[in-house]
Amino acid sequence: MVEEGSTLLRRMEISVAEAEKRTGKNTVNMQEIFTVYLIETRPIDAITEGHNPAPDSLWRRYSEFEILRNYLLVTYPFIVVPPLPEKRAEFVWHKLSADNMDPDFVERRRVGLENFLLRVASHSVLSNDKILYHFLTEVAICLLLSRRFTEMKHYSDELQSLTSQLLRVRARVADRLYGVYKVHGNYGRVFSEWSALEKEMGDGLQSAGHHMDAYAASVDDMLEEEEHYADQLKEYLFYAEALRAVCRKHELTQYELETASSDLISKKQQREELATGMVRTFSFKGMTNKLFGQETPEQREAKLSLLEEQIVQGEETVTEKTVECEEYVKGAWVDMQRFKEQKDRDLREALIGYAVMQISMCKKGIQVWTNAKECFHKM
């Protein structure tokens, strides 16, 4: 955390490195396209000491920047809070696009958001705010390991995909091997029938036929062993879904915390508006006041009292959700590391066993034809 009396910018390198277009569902479950911005931070101490650590990074939507600025406006009404870049293109020269998704507009907004963060982080008061620090680093809330959970979710998808591919290849190989074994049964039948026609070569052909029949008959044992290794792979095919379930629970816990935090900030802003009588943004309350007149002092006091209770409850909820989220992250991440060690060990043993089985099968085939060659030599 930042030392009292110093600005955050003196201790932390801050940038909005890039923008990315994404799609997702909004609060009414409708598909929407939006832009997210990558915030990168790095402690200056590490840089001055000669280290060059990779920056910590997280993605934020423009609406999250708005929530942060509204919070700063309400919390520090005596400070001129730096503005955000425009949300929609306004006062546009006719040769410039007014499309919010236009790459040039998005790039200008990225630069503006970075400038906003730099100005706030260089302010002697605003830069020491805990919510700002959380916004930039997510250190004190369960979002600390969000990137790791995202990586784990992507990993589980890849694990399931690659395991499925491996199982499909194994099935095709098993089918072909089954065919090869059965063809050796045909060799055995042909050699046996041929032996009845030959007097001098009959014994050799008969013996070669027996070796082929025995080899063909061993296919059932081979397929049973094949299925044993396939079951080990299938287990981790299903483990991939269990991994995704852990990641989904993390996303839900994170969402509940962010919702509780946003609701608390909104309640504090409403309290400020009621206490000062100044509405900072367009609201239904402001419109009704103009149409039907101001509230009486008694009504305002009743609403303020209710808001105070809701704020206390909201702060308790945020605290509870923060603890719940942090405990879930710690417990889940420890178990994920345990799972990774288990998975590496199990799959390594399964793949080695499968390779040994394939080598054994090849050696058995070589031995069958070596025996057949000796039978032919005796003819």
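See the structure printed just above.
Residues numbered from 1 in each chain as written. Predicted model: local features only at pLDDT ≥ 70, side-chain atom pairs only at ≥ 80, totals over all residues. Heavy atoms only, no water.

1. Some thoughts on the packing of aromatic side chains
This model, assessed by the stated rule, comprises 10 aromatic pairs. Between the aromatic rings of Phe191 and Phe376, the centroid separation amounts to 5.7 Å while the plane-to-plane angle is 75°, which identifies the pairing as edge-to-face. Here the residue Phe191 occupies a position in helix α5 (residues 146-195), and Phe376 occupies one in helix α9 (residues 297-377), the gap between them amounting to 185 residues. Taking relative accessible area as the criterion, Phe376 reaches 29% and is therefore assigned partly exposed. Residues Tyr236 and Tyr239 carry aromatic rings whose centres are separated by 4.9 Å and whose planes lie at 40° to one another, so their mutual orientation is tilted. (Phe/Tyr/Trp six-rings, centres within 6.5 Å; stacked < 30°, edge-to-face > 60°. Helix = DSSP H or I, 4+ residues; strand = E, 2+ residues; numbered from the N terminus. Buried < 20%, exposed > 50% of the residue type's maximum accessible area, 1.4 Å probe, protein only.)

2. Focus: the nonpolar core
Ranked by internal contacts, the top residues of the largest apolar core, which has 29 residues, are Leu8, Phe65, Leu72, Leu117 and Leu136. Elements with a minimum of two residues in this core: β1 (12-25), β2 (31-43), α2 (62-75), α3 (103-121) and α4 (130-137). (Core = buried A, V, L, I, M, F, W, Y, C linked by side-chain atoms within 4.5 Å.)

3. Describing the environment of Glu86
Relative to the helices and strands, Glu86 resides in the loop between α2 and α3. We classify Glu86 as partly exposed; its relative accessible area is 34%. Spatially, the C-alpha atom of Glu86 lies 8.6 Å from that of Gly112, the residues being 26 residues apart in sequence. Each residue touching Glu86, except ones within four places of it in the same chain, is listed here: Tyr62, Phe105 and Arg109. (Contact = heavy atoms within 4.5 Å.)

4. Some details on α3
The terminal C-alpha atoms of α3, which comprises 19 residues, lie 27 Å apart, in line with the 27 Å expected from a rise of 1.5 Å per residue. By the burial criterion, the buried members of α3 are Phe105, Val106, Arg109, Arg110, Gly112, Leu113, Phe116, Leu117, Val120 and Ala121. Where α3 begins, one side-chain oxygen reaches toward the backbone nitrogen of Asp104, 3.1 Å away; that side chain belongs to Asp102. (Expected span 1.5 Å × (residues − 1). Polar contact = N/O pair within 3.5 Å; in protein donor to acceptor, adjacent residues only side chain to side chain.)

5. A few points about a nonpolar patch on the surface
Residues Val183, Tyr187 and Trp369 make up a contiguous nonpolar surface patch of about 260 Å² in total accessible area. Along the chain, the position of Tyr187 falls in helix α5. The class for Tyr187 is partly exposed, based on a relative accessible area of 35%. (Patch = residues over 30% accessible without salt bridge, like charges linked within 9 Å, V, L, I, M, F, W, Y side chains within 5 Å. Areas by Shrake-Rupley, 256 points an atom, 1.4 Å probe, with all protein chains shown as cover. Salt bridge = Lys/Arg side-chain N within 4 Å of Asp/Glu carboxyl O.)

6. Remarks on the pattern of salt bridges
Using the criterion set out here, one finds 20 salt bridges in the structure. With its nearest N and O atoms 3.9 Å apart, the salt bridge here joins Arg110 to Glu114. One end of the pair is Arg110 and the other is Glu114, both in helix α3 and four residues apart, which spans about a single turn. Three or more residues are tied together by salt bridges with common partners; here these are Asp157, Glu241, Arg244 and Arg248.

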